[in-house]
Amino acid sequence: MPQQKNIVTVMSPLKQGDCLAIGSEYTGRFMSSIHCHDVFELHLIQGATGAKRIVGDRVALIGDLELVLLAQSHLPHAWLKGRCQNEEHLVVTVYFRPDLFGGLADKTCFGAVEHMFELAASGLVFSQEMTKSVYQDLLSLAAMTDRLQQYLLFVDLLNRLASDKEAQRIVGPGYIRDTNSQDNHDIATVKNYIYEHYTEDIYLKDLADLVGVEEQWISALFRERTGSTVSAYINQVRLGQVSKRLMNTEDPVAQIAVECGYGNLANFNRHFKRWKGTTPLAFRREYRTSGVRG
């Protein structure tokens with residue numbers, strides 16, 4: 001495996017004993033580089049239409065208002081100027097640790113929030129409807145001086161965010177391992193096998209034998225539970241790993257393709273362009289131009 005370049009980890013303003021650290025400002029500045037944190041981050045940005053959001057291997061231009069949750073997963077990210085023409089925009093950032101609930105995290109009432117935290121390892125962007133509904137509360141949160149009231153409001157806010165059925169994961173399977181506590185045992189087993197063997201040829205029969213069922217059954221169950229066919233999922237995992245390698249190393253594209261399970265370079269290039277809308281070399285240049293050294 002090639003040597004990975006170090007991701008710059010920026011220390012959060014959380015101090016020992018803090019439940020939360022909150023920053024709120026109107027600013028014309030954007031982040032100077034792509035980085036990560038060792039804590040959770042809830043990030044609201046308003047008034048920066050056309051700014052460039054980078055999370056993991058995904059680049060997108062944002063609208064006027066967005067809210068993103070990033071887990072403690074060393075997921076590189078930044079909001080850069082991109083095409084934003086506004087002179088000033090609002091940024092509200094809440095930092096917190098995964099042990100926010102202390103010994104209560106295993107209680108049933110926190111189940112939905114804990115599941116949201118698992119999904120946030122991929123980065124979660126919340127729906128416009130949900131973002132608008134919590135917007136004023138986030139502003140109130142930043143203005144509060146009573147720490148207990150601030151904590152209680154934030155827990156309520158997290159509970160509401162966890163109910164957002166339209167929230168979208170930002171990075172796909174492959175960039176991160178996306179098994180979670182709500183996966184069916186057979187699905188989790190299949191996913192883990194794919195992550196451990198994506199460099200090899202993987203056949204549906206092997207996966208079916210792994211969990212002791214018929215090929216047709218595991219194929220149907222996988223699609224029902226993940227919304228993806230097995231072959232498409234394998235391809236996403238491989239392409240996610242390819243993206244990491246393009247971002248993190250100087251290895252030749254052909255070498256990366258072969259080592260990530262693609263025996264045919266033309267087939268790989270076709271898959272990559274269909275998935276990313278660009279070529280592997282153009283993708284690498286885009287990230288280097290944006291400052292990614294993940």
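If you're wondering where the values come from, they're calculated on a predicted model, not measured in any experiment.

Engineer: Could you give an account of the overall build of the protein, naming the residues involved and the relevant values?
Structural biologist: A count of helical and extended segments in the protein gives ten helices and nine strands. Against the 2.2 N^0.38 benchmark of 19 Å for 294 residues, the protein shows a C-alpha radius of gyration of 20 Å, consistent with a compact globule. Expressed along its principal axes, the backbone C-alpha trace of the protein runs to roughly 60 × 45 × 35 Å. With 294 residues in all, the protein has 49% of them scored as buried. Restricting to contacts in the protein with at least 6 residues of sequence separation, those with at least 24 account for 74%. In the protein, 31 side chains carry a positive charge and 34 a negative one; their mean positions are 7 Å apart.

Engineer: Describe in detail the packing of helix 5 (residues 204-211) against helix 6 (residues 215-226), supporting the description with residues and values.
Structural biologist: Between helix 5 and helix 6, the least distance of the axes is 8 Å, while the angle of their chain directions is 90°. Considering the angle they form, helix 5 stands roughly perpendicular to helix 6. On helix 6, the residues touching Leu-204, Lys-205, Ala-208 and Val-211 of helix 5 are Glu-215, Ile-218 and Ser-219. Grouping the constituent residues of the contact of helix 5 with helix 6 by class yields four nonpolar, one polar and two charged.

Engineer: Now, about the sheet that holds strand 5 (residues 65-70): what can you tell me, with residues and values included?
Structural biologist: Strand order across the open sheet formed by six strands is 1-7-2-5-8-9, with antiparallel pairing between neighbours. What marks the edges here is a single partner per strand, and that holds for strand 1 (20-27) and strand 9 (168-169). As judged from the eight bridges shared by strand 1 and strand 7 (residues 89-96), these two strands associate in the antiparallel manner. By the bridge assignment for strand 7, Tyr-26 is matched with Leu-90.

Engineer: Quick rundown of the packing of aromatic side chains? Include the residues and the values.
Structural biologist: The tally for this structure, following the rule as stated, stands at ten aromatic pairs. Centroid distance Phe-40 to Phe-96: 5.3 Å. Interplanar angle 35°. Geometry classified as tilted. Residue Phe-40 is located in strand 2 (residues 40-46), and its partner Phe-96 is located in strand 7; the two are separated by 56 residues in the primary sequence. Aromatic pair Phe-268 and Phe-272: ring centres 5.9 Å apart, planes at 50°, arrangement tilted. Taken together, the positions of Phe-268 and Phe-272, both in helix 9 (residues 265-276) and four residues apart, correspond to about one turn of that helix. The exposure class of Phe-268 is buried, given its relative accessible area of 0%. Look at Phe-272 and you get buried, because its relative accessible area is 0%. Through a chain of ring-to-ring contacts, three or more aromatic side chains come together here, namely Tyr-262, Phe-268, Phe-272, Trp-275 and Phe-283. The ring of Tyr-175 carries Lys-244 above its face, with NZ or CZ at 5.0 Å from the centroid. Above the plane of the ring of Trp-275 lies Lys-276, whose end atom (NZ or CZ) is 4.5 Å from the centre.

Engineer: Go over the environment of Leu-204 with me, naming the residues and quoting the values.
Structural biologist: As for its placement among the helices and strands, Leu-204 is situated in helix 5. As for Leu-204 and Asn-269, which are separated by 65 residues in sequence, their C-alpha atoms are 24 Å apart. Discounting chain neighbours no more than four positions away, the residues touching Leu-204 are Glu-215, Ile-218, Ser-219 and Val-230.

Rules used in this analysis
- Residue numbers run consecutively from 1 along every chain, following the written order of its sequence.
- Confidence filtering applies because this is a predicted model: local features only for residues at pLDDT of at least 70, side-chain atom pairs given and counted only at 80 or more, and all residues used for totals across whole chains, interfaces and linings.
- In computing side-chain values, all of the structure's heavy atoms are included and hydrogens and water are not.
- The numbering of helices and of strands both runs from the N terminus, where a helix is a DSSP run of H or I of at least 4 residues and a strand a run of E of at least 2.
- We take the radius of gyration over the C-alpha atoms and set the globule estimate at 2.2 Å times the residue count to the 0.38 power.
- Per-residue accessibility, obtained with a 1.4 Å probe over protein chains only, is compared with the maximum for each type, and a residue is labelled buried under 20%, exposed over 50%, and partly exposed between these values.
- What makes two residues a contact is simply this: any of their non-hydrogen atoms within 4.5 Å.
- Residues scored as charged are limited to Lys and Arg (positive) and Asp and Glu (negative), so that His and the chain ends carry no count.
- Charge positions come from single atoms, namely NZ of Lys, CZ of Arg, CG of Asp or CD of Glu.
- Here an axis means a line fitted to C-alpha atoms, over the contact stretch when the element is a helix, while the angle between two N-to-C directions is reported on a 0 to 180 degree scale.
- Our angle categories are set so that under 35 degrees counts as roughly parallel, over 145 as roughly antiparallel, 65 to 115 as roughly perpendicular, and the remainder as oblique.
- Polar here means any residue other than Ala, Val, Leu, Ile, Met, Phe, Trp, Tyr, Cys and Pro, which are nonpolar, and Asp, Glu, Lys and Arg, which are charged; Gly is therefore polar.
- What makes two strands pair is DSSP finding at least two bridges between them.
- Any Phe, Tyr or Trp ring, taking Trp's six-membered ring, that has another such ring centre within 6.5 Å forms a pair; planes under 30 degrees apart are called stacked, those over 60 apart edge-to-face, and the others tilted.
- A ring has a charge above it when a Lys NZ or an Arg CZ is no more than 6 Å from the ring centre and no more than 35 degrees off the ring normal.

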